Amino acid sequence: MKKNTPHSLHKHNTPRRRLFAPSLLFTSLLLSGLASAQELSVPCDELEEKVKANTSDDEVKRITAFQPAKTLKRINPEYPVEAARRGQEGWVKMSYVIDEDGHVQDPVVDDFSGNRAFKRKALNAIKRWTFEPAMKNGKPTQQCHQAVQFDFLMGGKPGATRDFIRAYKDVDAIYQQGKYAEANAALKDLHNQDNLNRYENAWLWNMDALIASGLEDWQRELNSFARMLPSNRSVDGKHSVFSDNHIAFVHQRMVILASKLGLYADAQTYYERLQEMDNQQERLSEITPLIAKVREHIDSDSAIQVEVTIDERGNWFHTLVRNQFAFDGIEGKLDTVEVRCESHRERFTVAENHIWNIPESWGQCRVLVEGQENAAFNLIEVAQSTSS
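What you are looking at is a predicted structure, and each value in this text was computed from that prediction instead of being measured.

Novice: Before we move on, could you go through the overall build of the protein chain and cite the residues and values that matter?
Specialist: When you go through the protein chain residue by residue, the secondary structure sums to 12 helices and 17 strands. By the burial criterion, 51% of the 388 residues in the protein chain qualify as buried. Counting contacts in the protein chain only where the partners sit at least 6 residues apart, residues at least 24 apart contribute 75% of the total. In the structure as shown, the protein chain presents an accessible area of about 18,600 Å², 46% of it carried by carbon and sulfur atoms.

Put into structure tokens, the structure is as follows:
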């Protein structure tokens with residue numbers, strides 16, 4: 001049976017050494033699960049109003065007492081000269097904390113695509129941003145629930161080179177035969193190319209996700225689709241790589257994968273994005289029962305378990321749906337766990353047989369675990385009645 005693979009890959013006639021002047025665009029967003037800047041660039045005040053309208057009175061008092069930080073100065077990263085010469089494009093997603101003085105602290109690269117120099121340039125730039133600090137109950141406070149995506153883009157029409165198209169079609173032919181291990185091996189050549197543009201990166205990560213699905217590597221499939229989405233659409237929204245229908249399929253699939261992996265906050269975020277798309281009633285009807293089960297599990301007395309392996313980045317983020325969590329089955333070295341909430345953060349050493357309790361007043365929280373590559377563990381979101 002033929003797989004669900006888009007087949008509109010086209011080429012452009014631009015030579016490999018592109019002659020356009022590089023430009024860099026960035027978009028800031030308030031972090032909510034797994035999200036790309038093009039799709040969740042919601043100003044803080046608009047998000048606050050939305051929260052007010054959908055929460056109880058006691059929660060509204062907490063939210064209105066917190067005034068988000070205001071941007072004073074933003075510095076654009078420099079475009080790496082070698083990356084520009086090679087025509088490389090990509091993006092960097094980062095999380096960061098704004099301290100009581102309005103300075104950026106502890107920026108962390110959540111993920112990236114393209115030249116590794118993009119990470120260094122993005123980190124150098126974000127550290128120079130300044131803010132009017134957030135205020136809580138009339139006093140300056142740190143703000144942790146912040147993220148940004150930097151997009152490194154060249155000018156010119158989107159498209160793929162002949163070399164990329166030739167190599168991609170070779171991989172796709174193997175994939176269509178159901179030879180997933182062989183397709184995976186062939187895909188390494190594309191991953192090793194060091195001059196891919198945004199358009200080519202989108203196709204590459206889409207194929208990576210499809211091959212991962214064939215190999216039943218669900219975490220890799222989810223990660224690859226999450227890396228495809230930032231490259232799908234330019235910041236100005238004019239040049240989409242894939243059709244709206246394929247992007248809807250991707251979001252539907254991500255709901256299923258995140259639910260399967262216990263990433264319930266992410267699953268609900270992808271579901272909400274699918275709800276915002278036009279003419280997707282059939283897809284929504286197919287996964288609405290799954291979301292209902294996810295929400296039922298969140299409200300139950302059963303633990304929520306997430307199996308984790310630290311990758312080469314040395315860190316892992318998880319958005320919590322409960323205010324209690326613990327670690328179990330640790331293999332390898334974990335260094336620290338940091339809890340980053342809307343207006344508070346704490347850092348701890350990691351140990352099993354300990355339950356972290358987060359005050360509800362801290363708001364929605366993300367957990368940042370840092371450790372050695374290949375360290376494995378289970379993160380358990382504990383039900384309130386279980387720990388009491």
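That was the structure; now back to the text.
Novice: Before we move on, could you go through the sheet that holds strand β10 (residues 304–309) and cite the residues and values that matter?
Specialist: What the four strands build is an open sheet, ordered β10-β17-β12-β15; its pairing is antiparallel. The sheet is open, and its two borders are formed by β10 and β15 (355–357), each paired with just one other strand. Across this sheet, the average inter-strand angle for adjacent strands is 25°, counted without regard to direction.

Novice: Requested: an account of the packing of aromatic side chains, with residues and values cited.
Specialist: If you walk through the whole model with that rule in mind, you get 18 aromatic pairs. Both rings, one in Y96 and one in W129, keep their centres 6.4 Å apart while their planes meet at 80°; by these two values the pair is edge-to-face. A residue pair is termed long-range when its members are at least 10 positions apart, and Y96 in strand β4 (residues 90–98) and W129 in the loop between α4 (117–126) and β6 (130–132) qualify at 33 residues. Judged on exposure class, the residue Y96 and its partner W129 are both buried. Judged by centre distance (5.4 Å) and plane angle (90°), the ring pair of F327 and W356 falls under edge-to-face. Of this pair, F327 sits in strand β12 (residues 324–331) while W356 is found in strand β15, placing the two residues 29 residues apart along the sequence. Per residue, the accessibility class of F327 equals that of W356, and both read buried. Grouped by ring-pair contacts, the aromatic residues W316, F325, F327, F348, W356 and F377 constitute a single cluster. For the cation-ring pair, K93 lies above W91, with the distance from its terminal atom to the ring centre recorded as 5.5 Å.

Novice: I'd like a rundown of the environment of D335, residues and numbers included.
Specialist: Along the chain, D335 falls in strand β13 (residues 334–341). Residue class for D335 comes out partly exposed when judged on its relative accessible area of 34%. Taking C-alpha positions, D335 is 4.8 Å from G371, a pair spaced 36 residues apart along the chain. Those residues within four positions of D335 in sequence are excluded, and the remaining contacts are F348, T349, V350, E370, G371 and Q372.

Novice: Let's hear about the sheet that holds strand β16 (residues 365–371): which residues, and what values?
Specialist: Pairing is antiparallel across the open sheet formed by four strands, whose spatial order is β11-β16-β13-β14. The open sheet has two free edges, formed respectively by β11 (315–319) and β14 (345–349), since each of these has just one partner strand. Taking the axes of each pair of neighbouring strands and ignoring which way they run, one obtains an average angle of 15° across the sheet.

Novice: Let's hear about the nonpolar core: which residues, and what values?
Specialist: Core analysis: the biggest nonpolar cluster contains 65 residues, and M228, F325, F327 and F377 have the highest contact counts within it. No other element matches helix α7 (residues 198–214), which puts nine residues into this core.

Novice: So, helix α8 (residues 218–232): which residues are in play, and what are the values?
Specialist: Counted at 1.5 Å a residue, the expected span for α8 with its 15 residues is 21 Å, and the 21 Å between its end C-alpha atoms agrees. For α8, the tally of buried residues reaches 11 of 15 residues, placing the bulk of the element in the interior. Within α8, burial applies to E221, L222, S224, F225, A226, R227, M228, L229, P230, S231 and N232.

Novice: Describe the pattern of salt bridges, with residues and values.
Specialist: A full pass over the atoms with the stated rule returns 15 salt bridges. Notably, a salt bridge pairs R166 with D163, separated by 3.0 Å at the nearest N-O pair. With a gap of three residues between them, R166 and D163 both fall in helix α5 (residues 162–176), about one helical turn apart. Within this structure, D106, E338, R340, R345 and R347 form a network of salt bridges that share partners.

Novice: Lay out α5 in plain terms, naming residues and giving numbers.
Specialist: Between its terminal C-alpha atoms α5 stretches 21 Å, which fits the 21 Å expected from 15 residues at 1.5 Å a residue. Regarding α5, the residues found buried are F164, I165, Y168, V171, D172 and Y175. Buried positions in α5, seen along its axis, are confined to an arc of 130° and lie on one side of it. For α5, the elements touching its buried residues are α6 (180–191) and α7. Just downstream of α5, G178 is the residue with a positive phi angle, here 80°.

Novice: Give me the side chain of R253: which residues, what numbers.
Specialist: Within the element layout of this structure, R253 appears in helix α9 (residues 244–260). Of the residues examined, R253 reaches a relative accessible area of 19% and is grouped as buried. Within the structure, R253 has its side chain in polar contact with the side chain of E221 (distance 2.7 Å). Residue contacts for R253: discarding those within four places in its chain leaves S213, W218, E221 and F225.

Novice: Report on the packing of α5 against α7, specifying residues and quantitative values.
Specialist: Viewed as axis vectors pointing N to C, α5 and α7 meet at an angle of 15°, and their least axial separation amounts to 11 Å. Judged by the inter-axis angle, α5 sits roughly parallel to α7. For the pair α5 and α7, the sense of crossing is left-handed. On α7, the residues touching F164, Y168, V171, D172 and Y175 of α5 are E200, W203, L204, M207, L210 and I211.

Novice: Help me get a handle on the confidence of the model for the protein chain, residues and values and all.
Specialist: Per-residue confidence for the protein chain gives a mean pLDDT of 81, with 80% of residues at or over 70. When the criterion is pLDDT under 50, residues 12–52 qualifies, and its contacts beyond four places in sequence or with other chains add up to 109 contacts.

Each value, and the rule that gives it
Residues numbered from 1 in each chain as written. Predicted model: local features only at pLDDT ≥ 70, side-chain atom pairs only at ≥ 80, totals over all residues. Heavy atoms only, no water. Helix = DSSP H or I, 4+ residues; strand = E, 2+ residues; numbered from the N terminus. Buried < 20%, exposed > 50% of the residue type's maximum accessible area, 1.4 Å probe, protein only. Contact = heavy atoms within 4.5 Å. Areas by Shrake-Rupley, 256 points an atom, 1.4 Å probe, with all protein chains shown as cover. Pairing = 2+ DSSP bridges. Axes fitted to C-alpha atoms, helices over the stretch in contact; angles between N-to-C directions. Phe/Tyr/Trp six-rings, centres within 6.5 Å; stacked < 30°, edge-to-face > 60°. Lys NZ or Arg CZ within 6 Å of the ring centre and 35° of its normal. Core = buried A, V, L, I, M, F, W, Y, C linked by side-chain atoms within 4.5 Å. Expected span 1.5 Å × (residues − 1). Salt bridge = Lys/Arg side-chain N within 4 Å of Asp/Glu carboxyl O. Arc of directions from axis to C-beta. Polar contact = N/O pair within 3.5 Å; in protein donor to acceptor, adjacent residues only side chain to side chain. Parallel < 35°, antiparallel > 145°, perpendicular 65-115°, else oblique. Left-handed = near helix turned anticlockwise from the far one by under 90°. pLDDT = per-residue confidence, 0-100.

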